[in-house]
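Geometric and topological summary
The chain contents come next:
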Amino acid sequence: MLYRTAGQFKTSYRADQALFPIRQDAFLLGVILLCAWVIFPLTASEFTFQTILTPILIYSLAALGLNILTGFAGQLSLGTGAFMGVGAYACYKLITLMPWLNPVVAILMSGVFSAGVGVLFGIPSLRIKGFYLAIATLAAQFFLVWLFEKWAWLYNFNSSGAIQVPNLDMFGLYVAGPQASSMTQYYLVLGITCLLTWICINLTRGTLGRTWKATRDMDIAAELIGIDLMRSKLTAFAVSSYVVGVAGALFVFMWRGAAEPNLFDIPLSFRVLFIAIIGGLGSVLGNYLGAILIVGLPVVLNTVPRAIGIEIDSALVEHLNIMIVGTLIIFFLVVEPHGLNQLWRLIREKLIIWPFPH
Amino acid sequence: MTAYEPYTTTDGRTIGGVLMEMKNITLRFGGVEAIRDISFDIREGEIRAIIGPNGAGKSSMLNIISGFYHPQEGEVWYKGAPRPAMKPYEVARMGVGRTFQNIALFEGMSVLDNVMTGRLTHMHASFWQQALWWGKAEREEIYNREQVEKIIDFLEIQAIRRTPVGRLPYGLKKRVELARALAAEPSLLLLDEPMAGMNVEEKEDMSRFILDVNDEFGTTIALIEHDMGVVMDLSDRVVVMDYGRKIGDGTPDEVRNDQDVIDAYLGVAHG
């Protein structure tokens, strides 16, 4: 009954094409935004910011980037971690070469570099598809991580070979580095995530999104109705890598504080890919649900048994986490290939007609 | 080029000059000659059928028209000028729409999105306008939605506009595919076996839609079809192909009485 749509009539195509044609959806989003912008920051502890809120947002953003490429445009990529790395290293170079640069501008600009690299490694997609393309992006993954290690200019010839985030301030407030507060960083990440999500929603529901989906579903038909496949694929690579690169810059500058090349190795790529798959390929919301699950699960496993008095070994938590995530991935691939997003859609459909079965 | 005088058909449609002309087309795949030295033309406003037994080269001919294959010899003239070798998407943007023998819809999208995708060639908002859903991007979405709704009304698929295409039955999928092709407002519409696998009722519906499209929008239509009854009833002129050669060309009556065509295709009376 809460979700009843009866009586909500549309009298113009503008109203029918609004972002949330159903009033309850808009209300729900309002509640979530209120939580994210006001309630969580007021109540969260330092620990919550560092282990849950900020990483969920960053991982969601990275998964959203990957989802544009894999879920919407149908081009499988295994190089997400490396593209995050490109964003992080680009941001580091921008900040150290131009210390006067506003950190937010630097983070948003660093995505441009990863977009460029993404387009470059996306060129093979014009010729090859599916698994073969995945292998090509895997090559990007290994090559880029190797480059982060060997090209000393990237980390300013540090003896450690790692990048260290310096103290950065914006209008007198530290936003990155050891002195920045978690809440400031959370707000920055939240702002950028909201902005990019909104842009991605617009892109995916408009002309470009339809071009991508057509390329994904039936590329020959797409070409014969007037879609330039090269343009379609390369814009998908560019937009995807941009978002992934920004997520990578946030990952290091707003959360980790430092990074070694192997941080961006293949486990990170797979982690983001799992989030996208569990959340649901071809959806925007799913990335958030997937990230909440993947990031939240180990925290829950760590804290809940202890809270109810069961002492659980941290190594066991680690193992349990891997086992549960693995099982979930198999479960979703078999039972619900469209992921958590589809689950939510089914629940919503049921809610709309509740309490009647039809 | 043969010069034609425009004329009006018995049912009141106007057939104009030549829209597309195939001149001495030869297409080879390695050593196999799929099409050998074929010439024919398509006039504005007419329904032109291409018939022939399986493997005669009909689909290859359609693929040449839509720019998917490039003939080794011969020229394609379109709107009075020779057409250079083009990519299929460029041909589509010049106003050639088509449907496919095996349905080629975008299965993951709703009917509405499929038909909207058909209008891509009419949408020009820049990347940033789309990203911000601002100005031209929003206006185009609304304007094109109106146009799409007209086509949805025309083909009577209002009830399924929100349904994902993957869930539709075969006959409706064929109709959605026609809707997607029509959405582009093509000057020339290519239909590759629009009635394959349909029952009599569905064939009648589809025939009616084809005639209506031709009549209401004045769209020139070139179609491939195996059902002789349908072809003879619908089309103004028929090209008959066999083993990559043209063996007949003319009105349905002329073709029906042509001895070569009867021998090759319509069947020879033995005995």
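Here the structure is a predicted model, which means the values were calculated and not measured. (Residues numbered from 1 in each chain as written. Chains lettered and ligands numbered in written order. Predicted model: local features only at pLDDT ≥ 70, side-chain atom pairs only at ≥ 80, totals over all residues.)

**Points about the overall build of chain A**
Helix and strand counts for chain A stand at 14 helices and 4 strands. Here the C-alpha atoms of chain A give a radius of gyration of 21 Å, agreeing with the 21 Å that 2.2 N^0.38 yields for 358 residues. With the principal axes as the frame, chain A shows a C-alpha extent of 65 × 60 × 45 Å. A burial count over chain A gives 44% of its 358 residues as buried. In chain A, the proportion of contacts linking residues at least 24 apart, taken out of those at least 6 apart, comes to 76%. (Helix = DSSP H or I, 4+ residues; strand = E, 2+ residues; numbered from the N terminus. Rg over C-alpha atoms; globule rule 2.2 N^0.38 Å. Buried ≥ 20, exposed ≤ 12 C-beta atoms within 10 Å, placed from the backbone. Contact = placed C-beta atoms within 7 Å.)

**Some words on the domain arrangement of chain B**
Residues and elements named next belong to chain B. By domain assignment, chain B separates into domain 1 (1-95 + 188-271) and domain 2 (99-185). Going through the elements one at a time, α2 (88-93), β9 (188-192) and α7 (200-217) are the ones with two or more residues in the side of domain 1 that touches domain 2. The biggest single contributor to the side of domain 1 that touches domain 2 is α7, with 4 residues. Here the side of domain 1 that touches domain 2 is composed, by residue class, of 9 nonpolar, 2 polar and 4 charged. (Domains from an automatic or database assignment. Nonpolar A, V, L, I, M, F, W, Y, C, P; charged D, E, K, R; others polar.)

**As for the pairing of strand β6 (residues 73-78) of chain B**
All names here are of chain B. Judged from the 5 bridges that link them, strand β3 (residues 18-29) and β6 form a sheet pairing that is antiparallel. Note that in β6 the partner of Lys23 across the bridge is Glu75. Bridge count between β6 and strand β7 (residues 81-82): 2 bridges; the pairing is antiparallel. When the sheet's bridge partners are listed, Trp77 is paired in β7 with Pro82. Joining the antiparallel neighbours β6 and β7 is a turn of 2 residues, in which Lys79 adopts a positive phi near 50°. (Pairing = 2+ DSSP bridges.)

**Things to note about the interface of chain A and chain B**
In this complex, chain A contributes 25 residues to the contact, which on the side of chain B involves 34 residues. Sort the elements by how many residues they give to the side of chain A that touches chain B and helix α8 (residues 207-217) of chain A lands first, with 8 residues. Partitioning the side of chain A that touches chain B into residue classes produces 11 nonpolar, 7 polar and 7 charged.

**A look at the pairing of strand β11 (residues 237-242) of chain B**
Residues and elements named next belong to chain B. With 4 bridges joining them, strand β5 (residues 47-51) and β11 adopt parallel strand pairing. In the strand pairing of β11, Ile50 is matched with Val239. For β11 and strand β12 (residues 245-250), the ladder comprises 5 bridges, and the chain directions are antiparallel. Looking at the pairing, Val238 lines up with Gly250 of β12. Turn length for the β11-β12 hairpin, with the two strands adjacent in sequence and antiparallel, is 2 residues, and the turn residue Tyr243 shows positive phi of about 45°.

**A closer look at the sheet that holds strand β10 (residues 220-224) of chain B**
All names here are of chain B. Taken together, 6 strands build an open sheet; the order of strands is β8-β9-β10-β5-β11-β12 and the sheet is mixed. In this open sheet, the two edge strands, each paired with only one partner strand, are β8 (96-98) and β12. Along the sheet, successive strands turn relative to each other by an average axial angle of 20°, direction set aside. (Axes fitted to C-alpha atoms, helices over the stretch in contact; angles between N-to-C directions.)

**Quick look at the confidence of the model for chain B**
Residue and element names in this part refer to chain B. In the predicted model, chain B carries a mean pLDDT of 88, and 96% of its residues have values of at least 70. Ranking the elements of chain B by mean pLDDT puts helix α10 (residues 259-266) last, at 77, and β9 first, at 94. This prediction of the complex comes with two scores: 0.90 for pTM and 0.88 for ipTM. (pLDDT = per-residue confidence, 0-100.)

**Section: the environment of Leu53 of chain A**
Residue and element names in this part refer to chain A. Following the sequence through the fold, Leu53 ends up in helix α3 (residues 46-72). A count of 21 C-beta atoms within 10 Å places Leu53 in the buried class. Sequence separation between Leu53 and Ser283 is 230 residues; the distance between their C-alpha atoms is 21 Å. With residues near it in sequence (within four places) discarded, Leu53 still touches Phe40, Ala44, Thr48 and Tyr186.

**Here we look at the sheet that holds β7 of chain B**
If you walk across this open sheet you meet the 4 strands as β4-β3-β6-β7 (chain B), and the pairing is antiparallel. Both outer strands of the open sheet, β4 (32-43) and β7 of chain B, are each paired with one neighbouring strand and no more.

**Details of the environment of Leu289 of chain A**
All names here are of chain A. Within the secondary structure layout, Leu289 lies in helix α12 (residues 285-307). According to the C-beta neighbour criterion, Leu289 is buried, with 21 such atoms within 10 Å. The spacing of Leu289 and Trp146 is 143 residues in sequence and 32 Å in space, taken between C-alpha atoms. In contact with Leu289, other than residues within four places in its own chain, are Gly279, Leu340, Asn341 and Trp344.

**What to know about the nonpolar core**
Of all hydrophobic cores here, the largest spans 90 residues; its most connected members are Val243 and Leu250 of chain A. Sort the elements by how many residues they give to this core and helix α10 (residues 229-256) of chain A lands first, with 16 residues. (Core = buried A, V, L, I, M, F, W, Y, C linked by C-beta atoms within 7 Å.)

**Looking at α12 of chain A**
All names here are of chain A. Taking 1.5 Å of rise per residue, the 23 residues of α12 would be expected to cover 33 Å, and the 31 Å separating its terminal C-alpha atoms lies within 8% of that figure. Along α12, the sharpest change in direction is near 40° and occurs at Gly296; proline Pro298 comes one to four residues later. For α12, the complete set of buried residues consists of Gly286, Asn287, Tyr288, Leu289, Gly290, Ala291, Ile294 and Val295. Remark: Gly309 follows α12 within two positions and exhibits a positive phi of approximately 90°. (Expected span 1.5 Å × (residues − 1). Bend = angle between axes of the 7 residues up to and from the residue.)

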